[in-house]
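Remarks on the overall topology
Here is how the chains run, residue by residue.
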Amino acid sequence: MSTTTRPAQVADTAPSAPAEIVRVRVPQRTFRSELRAIKIVWRRELIRFRSDRIRIATSLVQPLLFLFVLGSGLQGLASAGTHGVELKTFIYPGILCIAVMFTAMFSAASIVWDREFGFLREMMVAPIRRSSIVIGKCLGGATVASFQGVIVICLAGFVHVPYDPLLILGIFGLQMLLAFAITAFGVMIAVRIKQMQSFMGVMQMVVMPMFFISGALFPVAGLPGWLAVLNRLDPLTYAVDPMRRIVFNHLSISPAARQALDPGVSWWGWRVPTLLEAGMIVLLGLAMLSIAIWEFSTTE
Amino acid sequence: MSATTSDGATVPAIAVHDLVKSFGEVRAVRGVQFEVAPGEVFGFLGPNGAGKTTTINMLCTLVTPTSGEARVAGHDVVRERDDVRRNIGLVFQDPTLDGYMTAAQNLQLHAELYGVQSDLVRPRMRQVMEMVGLWDRKDSIVGTFSGGMRRRLEIARGLMHSPRVLFLDEPTIGLDPQTRRSIWTYIRELQEREEITIFMTTHYMDEAEWCDRIAIMDQGQIVALDPPETLKAEVGRDRVTIHTDDNEAAIAALEQRFGIEARIAEGAVAFGVPSGEEFVPRLFAELGMPIRSVSVSRPTLDDVFMSHTGTTIRDAEEDQSKHRNRVMMQMMTGGRR
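These lines cover the structure that appears in this document, whether it is placed above or below. (Residues numbered from 1 in each chain as written. Chains lettered and ligands numbered in written order. Predicted model: local features only at pLDDT ≥ 70, side-chain atom pairs only at ≥ 80, totals over all residues. Heavy atoms only, no water.)

Quick word on the overall build of chain A
Helix and strand counts for chain A stand at 12 helices and 2 strands. The order of α-helices and β-strands along chain A, N terminus first, is α-α-α-α-α-α-α-α-α-α-α-β-β-α. Projecting the C-alpha coordinates of chain A onto the three principal axes gives extents of approximately 90 × 35 × 35 Å. Contacts in chain A between residues at least 24 apart in sequence constitute 77% of all its contacts with a sequence separation of at least 6. Carbon and sulfur atoms provide 68% of the accessible area of chain A, an area that totals close to 13,700 Å². Here chain A holds 26 positive side-chain charges and 16 negative ones, and the gap between their average locations is 4 Å. (Helix = DSSP H or I, 4+ residues; strand = E, 2+ residues; numbered from the N terminus. Contact = heavy atoms within 4.5 Å. Areas by Shrake-Rupley, 256 points an atom, 1.4 Å probe, with all protein chains shown as cover. Lys, Arg positive; Asp, Glu negative; His and termini not counted. Charge placed at Lys NZ, Arg CZ, Asp CG, Glu CD.)

Concerning helix α10 (residues 276-286) of chain B
All names here are of chain B. Restricting attention to buried positions, one finds in α10 the residues G276, F279, V280 and L283. Looking straight down α10, one finds that the buried residues subtend no more than 115° of arc, so they occupy a single side. Along α10, the residues that are exposed and aim more than 90 degrees away from the buried face are E277, E278 and A285. One or two steps after α10, the chain reaches G288, where phi turns positive at roughly 80°. (Buried < 20%, exposed > 50% of the residue type's maximum accessible area, 1.4 Å probe, protein only. Arc of directions from axis to C-beta.)

Some thoughts on the pairing of strand β8 (residues 197-202) of chain B
Taken residue by residue, a regular strand's side chains alternate between the two faces of the sheet. Residue and element names in this part refer to chain B. A large share of β8 lies buried, amounting to 6 of its 6 residues. Burial along β8 is two-sided: the face carrying T197, F199 and T201 and the face carrying I198, M200 and T202 are both buried. Note that strand β7 (residues 165-169) and β8 share 5 bridges and pair parallel. Each residue of the ladder has a partner; that of F167, found in β8, is F199. Note on the crossover from β7 through helix α6 (residues 177-194) to β8: the handedness is right-handed. (Pairing = 2+ DSSP bridges. Right-handed = clockwise from strand over helix to strand, strands pointing away.)

A look at unusual backbone geometry
All names here are of chain B. Even without being a glycine, E170 presents a positive backbone phi close to 50°. Looking at where E170 falls in the secondary structure, it is placed in the loop between β7 and α6. A residue is classified by how much of its surface remains accessible, and E170, at 3% relative accessible area, is buried. The phi torsion at Q219 lies on the positive side, around 50°, for a residue other than glycine. Residue position: Q219 is located in the loop between β9 (213-218) and β10 (221-226). On the accessibility criterion, Q219 (55% relative accessible area) is exposed.

Quick look at the packing of aromatic side chains
Residues and elements named next belong to chain A. Applying the stated criterion across every chain yields a total of 17 aromatic pairs over all chains. The ring of F296 carries the charged tip of R130 above its face, separated from the ring centre by 5.9 Å. Above the face of the F90 ring, R244 is positioned so that its terminal group lies 4.1 Å from the ring centre. (Phe/Tyr/Trp six-rings, centres within 6.5 Å; stacked < 30°, edge-to-face > 60°. Lys NZ or Arg CZ within 6 Å of the ring centre and 35° of its normal.)

A look at the sheet that holds β8(B)
Through backbone hydrogen bonds, the strands of a sheet pair up, either in parallel or in antiparallel fashion. All names here are of chain B. Read across the open sheet, the 6 strands follow the order β6-β7-β8-β3-β9-β10; overall the sheet is mixed. Pairing within the sheet leaves two strands with one partner each, and these edge strands are β6 (88-91) and β10. Mean inter-strand twist for the sheet, computed between neighbouring axes without regard to direction, equals 15°. Running over the sheet, helix α5 (residues 147-159) touches β6 and β7 and is turned about 165° from β6. Where α6 meets the sheet, its contacts fall on β3 (41-45), β7 and β8, and the angle it forms with β8 comes to roughly 155°. (Axes fitted to C-alpha atoms, helices over the stretch in contact; angles between N-to-C directions.)

Section: the side chain of A:D241
Residues and elements named next belong to chain A. Mapped onto the secondary structure, D241 falls in helix α10 (residues 237-249). Take D241: its relative accessible area is 5%, and that puts it in the buried class. A distance of 3.3 Å separates a polar atom in the side chain of D241 from the backbone nitrogen of V265. For D241, the contacting residues outside a window of four places in its chain are D262, G264, V265 and E277. (Polar contact = N/O pair within 3.5 Å; in protein donor to acceptor, adjacent residues only side chain to side chain.)

Notes on the sheet that holds strand β14 (residues 293-297) of chain B
All names here are of chain B. Spatially, the 4 strands line up as an open sheet ordered β12-β13-β11-β14, and their pairing is antiparallel. The sheet terminates laterally at β12 (263-265) and β14, the two strands that pair on one side only. Looking at each pair of strands side by side, their axes are set apart by 35° on average, direction ignored. Across 5 bridges, strand β11 (residues 238-243) lies against strand β13 (residues 268-273) in antiparallel orientation.

What follows is the structure, given as structure tokens:
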């Protein structure tokens, strides 16, 4: 398949035509044309996000409530167990995850909107692969969610997390992987759902339990047996844990505090390394992306 | 620039053979067959639920036919789906614009999806937007557009990639008469300038007059297919209405002098003749009584539809909605028990 585009065919102007007609030709489908389609679907997500400032603000409200209100409010109760570390600092990595997660899910929800408002059809009838639409959507949602994550990263100073370049780079990378995986997850669900209300319902049923079980708000060691099992099964656990590890690496606190607050996720006593955790998020994201593509290609 | 095969022979813009689509028990399209020549404006006319949209969806590769064959711009709609899609433009019955983006962004996105050469996107965009009179609104958010402007923008977008066949599914539904008229002007102008084939559906009788040929569809089948004039000529008779001082005497005189059977309709004497305009001078000369006023009307497509289906399009739709209401009532009352 050639990737060269044909030159413009400027037709002879008929005497009646006031101006010459710009005729274009739709080329055969190529790898490059698919990339172009992915890019424009991705860009559309950014355009829409930028024009929707209310969404930028509202999706930050809940995480910030958790961080500053819950974090400050429960400080008195928790101070006995935090070895002098502020609760806000402790829950900060988890809050970053939830901020990214909310935005990613909302971005994925736009597929449901697009279906309801008809725009999805415009993309479905274009001479492109369905997978290009899904990939573009996922990358767009991930970008938008990462942007939201960056806002939370900027707030690190308020909860006494130092602005260390390595720390910022580490959590920025991790939250990007998370943003991608969650968007893929959301798109996978959204492809099958026809109405916005149903999607919101599913989201509430999935996102909140994932958040609470993940250990975003508590250390993952010494949990009751049932919760420990659920915690190890929750994918979000493997995003919160490495982020917390990176943050705690840059805090000057006692080893006892470190041990109590950042015990790390372990499987049968084996501490799961950071790279494996990150790898799991990537793999899960790719798996869900594939399912989303497959689902999307089989719907009419 | 008409559609040609590799050996150079002209092929029809659309060729449909025995096309059938069933949704479970319901046979929405029951074996339709027709050809549309390149450059033609072809209309599908029929009440809601006649199978027009299903047919258009099959031609646009959105719905797979149950059986039969259809080729658009020389390509099979099932086996060469991408080739068909590259060559067609679509304007759907329901809006498919992104209301959060500007008009230009919507068109840009379309051009990117279709792989239009980057350096031609801008000039082409300008051309199609000028054609529908929206170039000065290109940077407005589509959400602020009126229904007529959106429809015009959709038509412009459908043309962005210079399709050979443009499908318009009820392009003027829900618009006021003035906007409908202007959209039709655009469509005809477009057809002349771009030498494009236009396939459209409508259930407005008066709009079908704009088409080169019309297929009348009823209950999943084509019941008539010809240019509007031919269809109307088949119905034949013009309708003449006269006002006189004595209607009874006029009816008797018509019977006596011309052998015409007239009747009183809405306070006037009405009758049908093959050619109304030629008949009027004779009427004045030979009727032998004063006539206060006379009017001649040609048969309308309503008459055509009536003669082929035995019902007016409005009645056909009312029957359907009555049926729908009945089914809904049954479901509701059944659900309460």
